[in-house]
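Here is what each chain is made of, one letter per residue.
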Amino acid sequence: MPKLSSSSALDTLREAKTRQRLQHETVIVLCSGTACSACGCLPVLNALTEELENKGLSDKVELRATGCHGFCEQGPLMVIQPGDVFYCRIAPEDVAEIVSETIEKKNIVDRLLYVEPKTGMRIEHETDIPFYKAQERSVLGRNKLVSPKEIGDYIAVGGYSSLARVLGSLDQDAVIEMVKSSGLRGRGGGGFPTGIKWQLCKDVEPTPKYIVCNADEGDPGAYMDRSLLEGNPHMVLEGMLIGAYAIGASEGFIYVRHEYPLAVEHTKIAIDQAREAGLLGEDIMGSGFGFDVKICKGAGAFVCGEETGLIAAIEGRVSEPVTRPPYPVERGLWGQPTLINNVETLANVPIVIDKGAEGYASVGTEGSKGTKIFSLVGKVNNTGLVEVPMGITLREIIFDIGGGIQNGKRFKAVQTGGPSGGCLPEGLLDLEVDFDELTKAGSMMGSGGMVVMNERTCMVDVAKYFLTFLQDESCGNCVPCRIGISRMLEIVTDISEGNGTMEQISLLEETAEATSLASLCGLGKTAANPPLSTLKYFREEYQAHIEEKRCPAGVCRALITYSIIEDKCDGCMLCKKACPTQAVSGEKKALHVIDQDKCDRCGICMDVCKQDAVAVV
Amino acid sequence: MAETITITIDDEDIDVEEGANVLKAALEAGICIPNLCYLPELKPTGACRVCIVELEQNGRTSMTASCTLEAKDGMVIHAHSERVLKVRQNIVEMLVAEAPESDVLQTLAERLEVDDIRYPERDNDCVLCGRCVAACKEVAGTGVKGFIGRGTDRAIGFPFHRDDLCQKCYECRDRCPIDIAPSSRRDPCGVCGSELSKNNELIPEICEDCELG
């Protein structure tokens, strides 16, 4: 690819690439994100490539292997354009039929369509699927439009035009002003206004300055940053370039988790291609502005995602957060002013420039603008990545997009904000999701994790789970975080084992307060959210554990017993075969009995029983 | 030379150099802020959080360690507000439960009127304040002592098992605030070792004789 010497050269290239893309009659967009890869999309991709070649269709059909589409529950999945035909759970054996029927004859293969669980209806078009309908996919939706390994694809759909506009017609202050008035806030957890952060970094004098893209996504179950870097790395690069121009940085780093090999690979390719096209390096598009990026692979700890921990990791030191202020915008990498933005934040930047501040701010709530990507997981029907406008209600996300709770069970709580977020109860389902509302409710936006829980989830156990995670991931430097979390976990463990007292609840609350107020970094400051929010909304469950020695959800092993209901058991022997401790006895077609001494309370008997004959008390 | 600025600690105006260590400035001005991991000759790490204060900024207050806080003109700091005292007491309670045998921690607890230790005792002795690690690096210049592990597994040791590099200078031992080596005692509570604040109402009985009170 020739180096782009000016913004008009970019325009010319865009026209050429667009023409090239239009030459294909049909496009098969196959999701090749990590989740779909795990579901087996690569054999499908190979089979498709072979089938198209065998039939001589390679020139007519564009086979686009893209990043994540979000509907991971249904993978491997594809969309065929034109026609917007959506096929899911595709196997390599389906490929021949897809090509002969849908590509050649324009017929629909019914059995590959998505079945809406509520109505049992098959849905033909992607846009008609409820999961997608209520979403506003202005960032993640672009994954479908490009192959992450092709800079030409990104340019064809308007990529790097925001950068060209910035370099061609806006000075640093104008860019910052635009980001400020767009209302964009950091998507990595803190929700700090992005424009103000840029301003602070621009205003400090020392040079050189650095920009860092924080791709150390560590929340369990969260993978939006991963999907953006894997699926559309150029968008993140473009955001970084604009940020670098605004603050006056000439060097940047992408700190990405070692556990994200595909993201690393695609980012590497993107950087190489951008360099080749002259979009990284000196004198970008003839503007005089120069900038380059290096990839820094993660050092493996959760706390590396904390700004000062991340700086230490890039510098090659042990990742332990240090006190802010001074903030990294004043003294960051190697003591120099450093702007650290999250992947999703940076991916939003080209959109801000493209739509204009007002256009961007037209979506969202008073204090939180634009869209947010959530990873919707847990006991919900449609798990995956969802992108919604700020201000949408939890109910819409969980019930309209998520399709409600699995197996007709009852909703109990949703945990937002990652391990140090909070659990919100049914009464808050109509809460409008944005930074401020979630914080007010005792939870947080975090990086956008959303774990849905049903009636079989014990909230004491949930608090215990997240505290265990945080205890392991605390760096251990400051007392309130290291000791405070371990003390909270100690108390919650006592309660879950039936050894708790009501006095311990007030000690738990006091420890939680000290931990959140006095800890050095964000990890400790938010670590009290899991116990505090569960205590706030599910206090009676703690009381049941303490006063009645009873786990109402039937989860905490020390407090429950499994038994077989005589009227319902048909003696099928399924539980007997499945029991790992041989605690079930009983002959075929006769009542089975659980030996409580041998029983490990794992609940497998309950899971396998088809007659609902296993009860837990 | 750095500019001289004014900060306010517990309603007391103090003139300090811009960027000065707030804890150090407070102690020098006779305002006692209890502390543990801090030593004037070592780079502050903010690990023990005993010296936390409330910082009033733009109409909001936040809590932070005073040893790692750099003075800025007009800063308003509360070192003995009700909230600070409550959290500080809780932190000291946690510390005592980690190392119940330590005299220094017992003294600290007594001064802060922490009489009831509600956490089960742990018998850890070391509370990982990090003075020894900093002394090894900054005073002895060897840096062979360090932290090993993360979270509750964190411990003091010789990373990569290089204890052979230790010069046996005892700069580390001399600074240990826990009663491991009796000769090494350093008072964890301010300048005179007894008073908590210039504010009379906040002074517990134990500090009655302090001339600063």
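Residues numbered from 1 in each chain as written. Chains lettered and ligands numbered in written order. Predicted model: local features only at pLDDT ≥ 70, side-chain atom pairs only at ≥ 80, totals over all residues. Heavy atoms only, no water.

**Student:** Explain the overall build of chain B to me, please; I cannot follow it from the model alone.
**Tutor:** When its secondary structure is counted, chain B shows four helices and seven strands. Classification of the 213 residues of chain B by burial places 49% in the buried group. Intrachain contacts of chain B at a sequence separation of at least 6 include 51% that bridge at least 24 residues. (Helix = DSSP H or I, 4+ residues; strand = E, 2+ residues; numbered from the N terminus. Buried < 20%, exposed > 50% of the residue type's maximum accessible area, 1.4 Å probe, protein only. Contact = heavy atoms within 4.5 Å.)

**Student:** Sorry if this is basic, but what is going on with the packing of aromatic side chains here?
**Tutor:** The geometry of an aromatic ring pair comes down to the distance between the two centres and the angle between the two planes. A complete count under the given rule lists 15 aromatic pairs over all chains for this structure. Plain terms: the ring middles of A:Tyr154 and A:Tyr160 are 5.2 Å apart, the flat faces sit at 90° to each other, and that makes the pair edge-to-face. An aromatic cluster is defined as three or more aromatic residues linked by ring pairs; in this entry it consists of A:Phe71, A:Phe86, A:Tyr114, A:Phe131 and A:Tyr132. Its guanidinium or amino end placed over the ring of B:Phe147, B:Arg154 lies 3.6 Å from that ring's centre, counting from NZ or CZ. Over the ring of B:Tyr170 we find B:Arg173, and its NZ or CZ is 4.5 Å from the ring centre. (Phe/Tyr/Trp six-rings, centres within 6.5 Å; stacked < 30°, edge-to-face > 60°. Lys NZ or Arg CZ within 6 Å of the ring centre and 35° of its normal.)

**Student:** I'm lost on the pattern of salt bridges in this one. Help?
**Tutor:** When charged atoms on two side chains of opposite charge get close, those side chains can pair. For the structure shown, the criterion picks out 44 salt bridges over all chains. Ionic pairing is found between A:Arg185 and A:Asp436, a salt bridge with its closest N-O pair at 3.4 Å. Of the two residues, A:Arg185 is situated in the loop between α8 (172-182) and α9 (194-203) and A:Asp436 in helix α16 (residues 435-440); the sequence distance between them amounts to 251 residues. A:Asp436 sits in the partly exposed class, given a relative accessible area of 32%. A single network of salt bridges, built from pairs that share partners, joins A:Arg487, A:Glu490, B:Glu98 and B:Arg122. (Salt bridge = Lys/Arg side-chain N within 4 Å of Asp/Glu carboxyl O.)

**Student:** I tried to follow the packing of helix α11 (residues 233-247) of chain A against helix α12 (residues 261-276) of chain A on my own but got confused; where do I start?
**Tutor:** To describe two helices that pack against each other, one gives the angle between their axes and the distance between the axes. All names here are of chain A. α12 packs onto α11 with a crossing angle of 60° between their chain directions and a minimal axis gap of 9 Å. Between α11 and α12, the angle falls in the class oblique. Crossing geometry of α11 relative to α12 is assigned as right-handed. In this structure, α11 contributes Pro233, His234 and Leu237 to the contact, and α12 contributes His266, Thr267, Ala270, Ile271, Gln273 and Ala274. In the contact of α11 with α12, the residues fall into five nonpolar, four polar and no charged. (Axes fitted to C-alpha atoms, helices over the stretch in contact; angles between N-to-C directions. Parallel < 35°, antiparallel > 145°, perpendicular 65-115°, else oblique. Left-handed = near helix turned anticlockwise from the far one by under 90°. Nonpolar A, V, L, I, M, F, W, Y, C, P; charged D, E, K, R; others polar.)

**Student:** Help me out: how do you make sense of the sheet that holds strand β11 (residues 371-378) of chain A in this one?
**Tutor:** Each strand in a sheet pairs with another by means of backbone hydrogen bonds, the pair being arranged parallel or else antiparallel. Residue and element names in this part refer to chain A. An order of β12-β11-β15-β13-β14 is seen for the five strands of this open sheet, with the pairing classed as mixed. At either end of the open sheet lies a strand with only one pairing partner, and these are β12 (384-389) and β14 (422-425). Put simply, the sheet's adjacent strands are angled 30° from each other on average, direction ignored. Packed onto the sheet, helix α10 (residues 224-231) meets β11, β12 and β15 (449-454) and runs at close to 115° relative to β11. (Pairing = 2+ DSSP bridges.)

**Student:** Whenever I open this one, the confidence of the model for chain B confuses me. Can you help?
**Tutor:** The predicted coordinates of low-pLDDT regions are not to be read in fine detail. All names here are of chain B. Summing up the model confidence of chain B, the mean pLDDT is 82 and the portion of residues at 70 or higher is 83%. Per-element confidence in chain B is highest for strand β5 (residues 76-78), whose mean pLDDT is 96, and lowest for helix α3 (residues 103-111), whose mean pLDDT is 85. Long-range and interchain partners of residues 181-213, a stretch whose pLDDT sits below 50, account for 70 contacts in this model, where long-range means more than four residues apart. Across the interface, the model reports ipTM at 0.87; the global pTM reads 0.90. (pLDDT = per-residue confidence, 0-100.)

**Student:** Looking at this model, I keep getting lost on the state of the cysteines. Mind explaining?
**Tutor:** Disulfide: a covalent bond connecting the sulfur atoms of a pair of cysteines. All names here are of chain A. Inspection of the entire model under this criterion finds zero disulfides over all chains. No disulfide involves Cys36; its sulfur sits 3.5 Å from the nearest other cysteine sulfur, which is in Cys31. Of the residues examined, Cys36 reaches a relative accessible area of 3% and is grouped as buried. Cysteine Cys556 remains unbridged, with the sulfur of Cys458 as its closest cysteine sulfur at 3.6 Å. (Disulfide = S-S within 2.5 Å.)

**Student:** What should I look at first to understand the sheet that holds strand β3 (residues 78-81) of chain A in this one?
**Tutor:** Residue and element names in this part refer to chain A. The sheet built from four strands is open, its strands ordered β2-β1-β3-β4 with mixed pairing. The open sheet has two free edges, formed respectively by β2 (61-66) and β4 (85-87), since each of these has just one partner strand. Strand-to-strand twist of the sheet, defined as the mean angle between neighbouring strand axes without regard to direction, takes the value 20°. Bridging between β3 and β4 involves three bridges; their strand directions are antiparallel. Within the sheet, the bridge partner assigned to Ile80 lies in β4 and is Val85.

**Student:** Looking at this structure, I do not really get a negative patch on the surface. What am I missing?
**Tutor:** Taken together, B:Glu101, B:Asp103, B:Glu121, B:Asp123 and B:Asp125 make up a surface patch of like negative charges. Relative to the assigned elements, B:Glu121 resides in the loop between α3 and α4 (131-138). (Patch = residues over 30% accessible without salt bridge, like charges linked within 9 Å, V, L, I, M, F, W, Y side chains within 5 Å. Areas by Shrake-Rupley, 256 points an atom, 1.4 Å probe, with all protein chains shown as cover. Lys, Arg positive; Asp, Glu negative; His and termini not counted. Charge placed at Lys NZ, Arg CZ, Asp CG, Glu CD.)

**Student:** What is the right way to look at α11(A) in this model?
**Tutor:** Given 3.6 residues per turn, any residue in an α-helix points the same way as the ones three and four places further on. Residue and element names in this part refer to chain A. Taking 1.5 Å of rise per residue, 15 residues should cover 21 Å, and α11 covers 21 Å from first to last C-alpha, within 8% of that figure. Among the 15 residues in α11, 15 count as buried, and that is most of the element. Once α11 ends, the next one or two residues include Gly248, with phi positive near 85°. (Expected span 1.5 Å × (residues − 1).)

**Student:** When you look at the interface of chain B and chain A in this model, what are you seeing that I'm missing?
**Tutor:** Where the parts come together, the accessible area they lose is often given as the size of the interface. The interface is formed by 32 residues belonging to chain B together with 34 residues belonging to chain A. Across the chain B/chain A interface, buried area totals approximately 2,800 Å², and carbon plus sulfur atoms make up 51% of it. In this assembly, chain B and chain A are joined by seven salt bridges. With a shortest N-O distance of 3.4 Å, A:Arg487 and B:Glu98 are connected by a salt bridge. Viewed at the interface, chain A and chain B are joined by 19 residue pairs in polar contact (both at pLDDT 80 or more). Sorting the residues of the side of chain B that touches chain A by element identifies β4 (60-65) and α2 (82-98) of chain B as the ones contributing at least two each. (Buried area = accessible area lost by both parts, 1.4 Å probe. Polar contact = N/O pair within 3.5 Å; in protein donor to acceptor, adjacent residues only side chain to side chain.)

**Student:** I'm lost on the pairing of β15(A) in this one. Help?
**Tutor:** As a general feature of sheets, a regular strand has side chains that alternate between the two faces. All names here are of chain A. Among the six residues in β15, five count as buried, and that is most of the element. Where β11 meets β15, four bridges bridge the pair, whose relative direction is parallel. In the strand pairing of β15, Val377 is matched with Val451. Pairing geometry for strand β13 (residues 411-416) and β15, over five bridges, is antiparallel. Counterpart to Ala413 in the pairing with β15 is Met453.

**Student:** Looking at this structure, how should I read a nonpolar patch on the surface?
**Tutor:** Taken together, the side chains of A:Phe192, A:Ile196 and A:Leu200 define a hydrophobic patch exposed on the protein surface, amounting to about 250 Å² of accessible area. When you line up the elements, A:Leu200 lands in helix α9.

**Student:** Where do I start with the side chain of B:Arg175 in this structure?
**Tutor:** Residue and element names in this part refer to chain B. Of note, Arg175 is situated in the segment after β7 (155-157). Here Arg175 falls in the buried class, since its relative accessible area comes to 8%. At 2.9 Å, the side chain of Arg175 forms a polar contact with the side chain of Glu41. Apart from residues no more than four positions distant in its own chain, Arg175 is found in contact with Leu39, Glu41, Leu42, Arg131, Ala135 and Val139.

**Student:** Explain the side chain of B:Glu93 to me, please; I cannot follow it from the model alone.
**Tutor:** Mapped onto the elements, B:Glu93 comes out in helix α2. For B:Glu93, the residues in contact, after removing those within four places along its chain, are A:Leu507, B:Val114, B:Asp116, B:Ile117, B:Arg118 and B:Tyr119.

**Student:** Just to check I follow, could you spell out the environment of A:Leu184 for this structure?
**Tutor:** The residue A:Leu184 is located in the loop between α8 and α9 in this model. Residues A:Leu184 and A:Ala357 lie 173 residues apart in sequence; the distance between their C-alpha atoms is 9.1 Å.

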